[in-house]
Amino acid sequence: MDLSQIQQSLDAAAEEAGRAAAAAATTDELRSIESRVLGKSGPVAGVMALMKSLPGDQRGAVGKLANETKKAIEALFAARREELKHALAAGDQARGAAFDPTLPGPVRLRGAVHPVTAVQWEVEDALARMGFVAVSGPEMESDYYNFEALNIPAMHPARDMQDTFHVDNGCVLRTHTSPCQVRAMERFGAPLRVIAPGRCFRYETLDASHENTFFQVEGLMVDRGISVANLIAVMRVMLQQVFRRELKVRLRPGYFPFVEPGFELDMSCALCDGKGCPVCKRSGWVEVCPCGMVHPNVLRFGGIDPAEFTGFAFGLGLTRLAMMKYGIADIRLLNSADLRALVHPERLCGPLI
Ligand code: DAH
């Protein structure tokens, strides 16, 4: 055999080894083919054996060829071995054979009620237990209901308290849920217990505590002999249910044209139990909502005789309440897609999908 014949037979051996390796279905099978091809009676060993009978000047070249072929065949088997290992592991996993119970399971995402909705439901629920019925009103409201009937006539300086979006048709985007008061009085008369949750709009510059769109719950109770004591009792019971703890409430004087007297209602800070913390600015109290005794003019606008009936009203800011209950520091998060703020374990709902 001359050099080129030897080369040919070695190439043929490598090719043959490649085919056999590709056809092997298990690593055991692969190992036995490898030891046959590279073993004592294999083609490479055959060439090595031949070397003794070759002239001295050819031995080096033949030895080199044989070695190269051997290395190539070894590399080919190593590659196929890796391939088989992966394929077999994947197959095992598919059959569940390699199930590892200590690995974390697949994450199932669950929906959650938005913080404002959650607080709204809680407020509605607490007030419904005290006989309040939920009503609603239009978000695009007439000037009459939004201002006039609430004792805020045109040119009244109190209009400046609420920066208003005006609509081309002469209406406004309601700046509060208070217009629902007169609508409810007109519709149902006295005695009356209603709440009106809803969206309100103000021409505000956005910052950490102001949004141009926010949620309120209006409350109105009208009956014979209603006093500030009723207002305090209803607010206290409602807040205790929403925050699930004993709370104190207090009133400070406040001015709103549609109530007389008007108040700002504070509750003892739910985070520090009134001891003082950064959230309540060390005062132990947090502002909850404005409220007051319904102004006789407003009762009259609603068709109710102020000589016979009195009432209280409150305008609860749901957004603020939600932020306080769920510890959300920035109002803008509520309209964001930041699930860390919006999804709270307490509000997870629905079954695992
Ligand atoms: N409507 C007022 C506002 O948004 C809040 C308010 C104050 C509502 C006093 C009331 C009330 O019912 O009695 O600024």
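Data block above holds the structure.
Each value, and the rule that gives it
- Residues numbered from 1 in each chain as written.
- Predicted model: local features only at pLDDT ≥ 70, side-chain atom pairs only at ≥ 80, totals over all residues.
- Heavy atoms only, no water.
- Helix = DSSP H or I, 4+ residues; strand = E, 2+ residues; numbered from the N terminus.
- Rg over C-alpha atoms; globule rule 2.2 N^0.38 Å.
- Buried < 20%, exposed > 50% of the residue type's maximum accessible area, 1.4 Å probe, protein only.
- Contact = heavy atoms within 4.5 Å.
- Areas by Shrake-Rupley, 256 points an atom, 1.4 Å probe, with all protein chains shown as cover.
- Lys, Arg positive; Asp, Glu negative; His and termini not counted.
- Charge placed at Lys NZ, Arg CZ, Asp CG, Glu CD.
- Phe/Tyr/Trp six-rings, centres within 6.5 Å; stacked < 30°, edge-to-face > 60°.
- Near = heavy atom within 4 Å.
- Polar contact = N/O pair within 3.5 Å; in protein donor to acceptor, adjacent residues only side chain to side chain.
- Core = buried A, V, L, I, M, F, W, Y, C linked by side-chain atoms within 4.5 Å.
- Axes fitted to C-alpha atoms, helices over the stretch in contact; angles between N-to-C directions.
- Parallel < 35°, antiparallel > 145°, perpendicular 65-115°, else oblique.
- Nonpolar A, V, L, I, M, F, W, Y, C, P; charged D, E, K, R; others polar.
- Salt bridge = Lys/Arg side-chain N within 4 Å of Asp/Glu carboxyl O.
- Expected span 1.5 Å × (residues − 1).
- Left-handed = near helix turned anticlockwise from the far one by under 90°.

Moving on, we come to the overall build of the chain. Along the backbone of the chain there are eleven helices and nine strands. Here the C-alpha radius of gyration of the chain, 41 Å, is well above what a compact globule of 353 residues would show, namely 20 Å. With respect to the three principal axes, the spread of C-alpha positions in the chain is 130 × 45 × 40 Å. Within the span of the chain, comprising 353 residues, buried residues form 41% of the whole. Across the chain, the fraction of contacts at a sequence separation of at least 24, relative to all contacts at a separation of at least 6, is 68%. If you sum the accessible surface of the chain, you get close to 19200 Å²; carbon and sulfur atoms cover 56% of it. A distance of 7 Å separates the average location of the 39 positive side-chain charges in the chain from that of its 41 negative side-chain charges.

This paragraph deals with the packing of aromatic side chains. Two descriptors summarise a pair of aromatic rings, namely the distance from one centre to the other and the angle between the planes of the rings. Considering all chains together, one arrives at five aromatic pairs under this definition. Taking the centre distance of 5.9 Å and the plane angle of 80° together, the rings of Tyr144 and Phe301 count as edge-to-face. Here Tyr144, found in helix H6 (residues 143-146), pairs with Phe301, found in helix H9 (residues 296-301); they are 157 residues apart in sequence, far enough to count as distant. With a centroid separation of 5.5 Å and 70° between ring planes, the pair formed by Phe165 and Tyr203 is classed as edge-to-face. Of the two residues, Phe165 is situated in the loop between H6 and strand E3 (172-173) and Tyr203 in the loop between strand E4 (192-201) and strand E5 (213-223); the sequence distance between them amounts to 38 residues. Residue classification places Phe165 among the partly exposed positions, given a relative accessible area of 26%. For Tyr203, a relative accessible area of 59% translates into the label exposed. Put simply, the rings of Tyr144, Tyr145 and Phe301 pair up and form one aromatic cluster.

Taken together, 16 residues surround the ligand, and among them His176, Ser178, Arg202, Gln216 and Glu218 come closest. Within the side chain of Glu218, one N or O atom sits 2.7 Å away from an oxygen atom of the ligand. Contact between the ligand and Phe314: an oxygen atom at 3.3 Å from a main-chain N or O atom of the residue. The protein chains hide 95% of the 360 Å² of surface that the ligand would expose on its own. At the level of secondary structure, the elements contributing two or more residues to the shell around the ligand comprise E5, strand E8 (285-294) and strand E9 (310-317).

Let's shift gears to the nonpolar core. Soluble globular proteins: nonpolar side chains tend toward being buried together. If you look at the biggest cluster of nonpolar residues, it comprises 47 residues, and the most contacted ones within it are Val123, Met238, Leu239, Met267 and Leu316. Elements represented by at least two residues in this core include exactly helix H5 (115-128), E5, helix H8 (228-243), strand E7 (259-268), E8, E9 and helix H10 (318-326). Considering every element that reaches this core, the biggest residue donor is H8, with seven residues. Once you skip the residues sitting within four places of it in the chain, Met267 turns out to touch Leu239, Phe243, Leu247, Lys248, Val249, Gly284, Trp285, Val286, Val288 and Met324.

Looking now at the packing of H8 against H10. Axis separation between H8 and H10 bottoms out at 11 Å; the angle between their running directions is 45°. Classified by the interaxial angle, the pair formed by H8 and H10 is oblique. Counted together, Leu239, Val242 and Phe243 of H8 and Leu321, Met324 and Lys325 of H10 form the full contact between these two elements. The class makeup of the residues in the contact of H8 with H10 is five nonpolar, no polar and one charged.

This structure, assessed with the given rule, holds 20 salt bridges. Notably, a salt bridge pairs Glu74 with Lys70, separated by 4.0 Å at the nearest N-O pair. With Glu74 and Lys70 both in helix H4 (residues 56-95) and four residues apart, this pair spans about one turn of that helix. Given a relative accessible area of 33%, Glu74 falls into the partly exposed group. Its salt-bridge partner being Asp266, residue Arg252 comes within 2.7 Å of it at the nearest N-O pair. Separated by 14 residues along the polypeptide, Arg252 in strand E6 (residues 249-254) and Asp266 in strand E7 bring together distant segments of the chain. A residue is classified by how much of its surface remains accessible, and Arg252, at 28% relative accessible area, is partly exposed. A network of salt bridges, in which partner residues are shared, links Arg250, Arg252, Asp266 and Glu287.

Its 16 residues place the ends of H8 22 Å apart at the C-alpha level, agreeing with the 22 Å of an ideal helix rising 1.5 Å per residue. Turning to H8, its buried residues are Leu231, Val234, Met235, Met238, Leu239, Gln240, Val242 and Phe243. After H8 finishes, the residue Arg244 shows a positive phi value of roughly 55°.

A few words now on the packing of H5 against H8. Axis angle and axis distance: for two packed helices, these are the angle between their axes and the distance between the axes, and together they describe the pair. For the pair H5 and H8, interaxial distance at closest approach is 9 Å and the crossing angle is 135°. By the criterion of interaxial angle, the relationship of H5 to H8 is oblique. Between H5 and H8 the crossing geometry is right-handed. Here Glu122, Val123, Asp125, Ala126 and Leu127 of H5 come into contact with H8, specifically with Val234, Met238, Gln241 and Val242.

That's the geometry; what it means functionally is another story.
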